[in-house]
Amino acid sequence: MTVDHVDVLIVGAGLSGVGAACHLRRSCPDKTFTILEARDAIGGTWDLFRYPGVRSDSDMFTLGYSFRPWADPRAIADGASIRRYVRDTAREYRVDERIRFRHRVLAAEWSSADARWTVHAQRADTTETVTLTCGFLYVCAGYYRYDEGYTPDLPGLGRFAGRIVHPQRWPADLDHAGARVVVLGSGATAVTLVPALAERAAHVTMLQRSPGYLLALPSRDALADALRRRLPGRLAYPLVRARNVLLSTLTYRASRRAPRLARSALRRGVRRRLPAGFDVDRHFSPRYDPWDQRLCVVPDGDLFTAVHAGRASVVTDTVETVTETGVRLTSGSELPADVLVTATGLNLLALGGLTLTVDGEPVDPAGTVAYKGMMLSGVPNLALTLGYTNASWTLKADLVAGYVCRLLRHMDRHGHRACTPLAPDTTDLRPIIDLTSGYVRRSVDALPRQGPVPPWRLHQNYLRDRWLLRHGPVDDAVVFSGPGVPGRPPEPPSP
């Protein structure tokens, strides 16, 4: 049986996977590659999520690719526009020609003797198993389960007479016009859904156990609009991108160093948007510091507008039980509902669920340490994309893709066939995602860890990482080897 072989095998055709392939096209044009995508479309998250109002929670000048300007006038864009941008990028760089859809990667086995991965995928259309080999495995599958979201075990949920939906599986036939809707949750998804649903629903209630930090921002960038009127897009885009990166980095650092000041500023911003007498302390003053959990952007203050107009409300309480007609709260009050939306988060999943084996030994991702936030200790020729928690995902994805290309070129120049990060000699290991959000706490122990210092520590700082990954060494804390000689450099050719 003939097994297809490529230099680089990319897992996932979403924002990260398409970007990785474009970087290979641009920087390593001699490398062959294939993308395996479990679903039947390009777009990843932006194709999966179809709930009302779905949009970016980062500005598109940083969520867009560094090499392809975002041309839409909106800085905070809807999901359909982002999906179209990713697909157009794939088409422009002929990446779409290299995608195998409905191929779910199940397992990958590394052989040091052959210096290659053998990858097994299952086709969704025929259920047959397909095997490929590659020199480098590049996982761009994100960190959450695509097949199901998280729904807590709510008492009485089974007796609710209306519709129950999770944003990750939004039904196309759901008509919420004139309905009473209760959205369970307070994260970015809930904050997005409430004003969108309130446009047609009789009323929408956001029911939260505890509040999160919200920041109202304009959906259009005034500086970007001004620059694009005077400069070509290829010149205006990097200027706006650099400004936004610098502003977000400084804001984040200031928030972490002076959390009380940041908390006060965010609270004042919310209060200005809400009716006089609104209980901001109860509903919009979290118990944790800013950026202990990801901050939610409210474009043009649409959530506050809906609350101010009476079309939406916010309730901070806990669920005693779900009834046939709504939700009874611990306080004793009841929220009537025709539709319950469980915007209660994600289920994390390391490496898209694929299992790894290195020379016959299974690899537990939780037992590895992440090298530069993108490779795993003891695992050769594998990279993964894990975006920032305090900035746009693509900023880190672009840096990782650029680094992978640097690494591949370095290995070619020196005749190396394998590159393996060596675990640091320390017991001071920490979660790779440093958020306190519920979806992180539930599953973070299944993810790789990080160490106390670079290159084993994620900075969550784009400016610092940009220098490290674009100009720093590629041979620190790693072992390069040739085929059949794990841990040793290749022998020089015979004279």
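Residues numbered from 1 in each chain as written. Predicted model: local features only at pLDDT ≥ 70, side-chain atom pairs only at ≥ 80, totals over all residues. Heavy atoms only, no water.

Chemist: Is there a simple way to think about the side chain of Q460 in this case?
Modeler: Note on placement: Q460 falls in the loop between β24 (449–450) and α13 (462–471). Setting aside residues up to four positions removed in sequence, Q460 forms contacts with Y252, R253, Y388, T389, N390, D434 and D465. (Helix = DSSP H or I, 4+ residues; strand = E, 2+ residues; numbered from the N terminus. Contact = heavy atoms within 4.5 Å.)

Chemist: What is the right way to look at the sheet that holds strand β14 (residues 326–329) in this model?
Modeler: Where strands meet in a sheet, backbone hydrogen bonds hold them as pairs that are either parallel or antiparallel. Read across the sheet, three strands follow the order β13-β14-β15 without closing on themselves; strand pairing throughout is antiparallel. At either end of the open sheet lies a strand with only one pairing partner, and these are β13 (319–322) and β15 (334–336). Averaged over all neighbouring strand pairs, the angle between strand axes comes to 20 degrees, with direction disregarded. Here β13 pairs with β14 via three bridges, running antiparallel. Across the sheet, residue V319 finds its bridge partner in β14, namely L329. (Pairing = 2+ DSSP bridges. Axes fitted to C-alpha atoms, helices over the stretch in contact; angles between N-to-C directions.)

Chemist: Would you explain a nonpolar patch on the surface in this entry?
Modeler: Among the surface-exposed residues, L231, L235 and L239 lie close enough to one another that they form a single nonpolar patch of about 230 Å² accessible area. If you trace the backbone, L239 turns up in helix α7 (residues 233–257). Overall, the relative accessible area of 47% leaves L239 in the partly exposed class. (Patch = residues over 30% accessible without salt bridge, like charges linked within 9 Å, V, L, I, M, F, W, Y side chains within 5 Å. Areas by Shrake-Rupley, 256 points an atom, 1.4 Å probe, with all protein chains shown as cover. Salt bridge = Lys/Arg side-chain N within 4 Å of Asp/Glu carboxyl O. Buried < 20%, exposed > 50% of the residue type's maximum accessible area, 1.4 Å probe, protein only.)

Chemist: Teacher, can you tell me more about empty space enclosed by the protein here?
Modeler: In this approach the atoms are scanned with a rolling probe the size of a water molecule, which exposes any empty space left behind. Inspection of the entire model under this criterion finds five cavities of 30 Å³ or more. Counted as a void, the largest cavity has a volume near 130 Å³. Lining the largest cavity we find 13 residues, and of these G142, Y143, L351, L384 and L386 sit closest to its centre. Counted by class, the lining of the largest cavity contains eleven nonpolar, two polar and no charged residues. As a volume, the second largest cavity reaches approximately 60 Å³. If you go around the second largest cavity, the residues you meet are G212, Y213, L214, R263, L266, R267, V270, F284 and S285. Examining the composition of the lining of the second largest cavity, we find that four residues originate from one element, helix α8 (residues 259–273), more than from any other. Across the lining of the second largest cavity, the residue classes break down as five nonpolar, two polar and two charged. (1 Å grid on protein atoms, 1.4 Å probe; cavity = no way out; pocket = protein on both sides within 12 Å on 5 of 7 lines; lining within 4 Å. Points joined across faces, edges and corners; volume = space filled by probe spheres on them. Nonpolar A, V, L, I, M, F, W, Y, C, P; charged D, E, K, R; others polar.)

Chemist: Explain the layout of surface pockets to me, please; I cannot follow it from the model alone.
Modeler: Its boundaries defined by the atoms lining it, the second largest pocket holds a volume of some 940 Å³. Lining the second largest pocket we find 38 residues, and of these L215, L217, L247, S248 and V297 sit closest to its centre. Elements that contribute at least two residues to the lining of the second largest pocket include exactly β10 (214–217), α7 and α8. Class assignment for the residues of the lining of the second largest pocket results in 21 nonpolar, nine polar and eight charged.

Chemist: Explain the packing of helix α1 (residues 15–27) against helix α11 (residues 393–414) here, please?
Modeler: Axis angle and axis distance: for two packed helices, these are the angle between their axes and the distance between the axes, and together they describe the pair. In the contact formed by α1 and α11, the axes pass within 9 Å of each other and the chain directions differ by 40 degrees. In this structure, α1 meets α11 at a crossing whose hand is right-handed. Contact with α1, carried on its side by L15, S16, A20, H23, L24 and S27, involves W393, T394, A397, D398, A401, G402, C405, L408 and R409 of α11 and no other residues of that element. (Left-handed = near helix turned anticlockwise from the far one by under 90°.)

Chemist: Please explain α13 as it appears in this structure.
Modeler: Side chains three or four residues apart in an α-helix point the same way, a direct result of the helix having 3.6 residues per turn. Among the residues of α13, Y462, D465, L468 and L469 are the ones counted as buried. Across the axial projection of α13, the buried residues extend over an arc of 130 degrees, all falling on one side. Looking at α13, the residues exposed on the side facing more than 90 degrees away from the buried face are W467 and H471. Looking at the buried residues of α13, the elements they touch are α7 and α11. For α13, the N-terminal capping position is held by N461, with its side-chain oxygen 3.1 Å away from the main-chain nitrogen of L463. (Arc of directions from axis to C-beta. Polar contact = N/O pair within 3.5 Å; in protein donor to acceptor, adjacent residues only side chain to side chain.)

Chemist: Before we go on, may I ask you to explain the sheet that holds strand β7 (residues 163–165) in this structure?
Modeler: Sheet architecture is open: five strands sit in the order β7-β16-β8-β9-β12, paired in parallel fashion. Pairing within the sheet leaves two strands with one partner each, and these edge strands are β7 and β12 (312–316). Taken pair by pair, the neighbouring strands of this sheet meet at an average axis angle of 20 degrees, ignoring direction. With five bridges joining them, strand β8 (residues 180–184) and strand β9 (residues 203–208) adopt parallel strand pairing. Across the sheet, residue V183 finds its bridge partner in β9, namely M206. Strands in contact with helix α5 (residues 188–198) are β8, β9, β12 and β16 (339–342); relative to β9, the strand with the most contacts, it is inclined by about 165 degrees.

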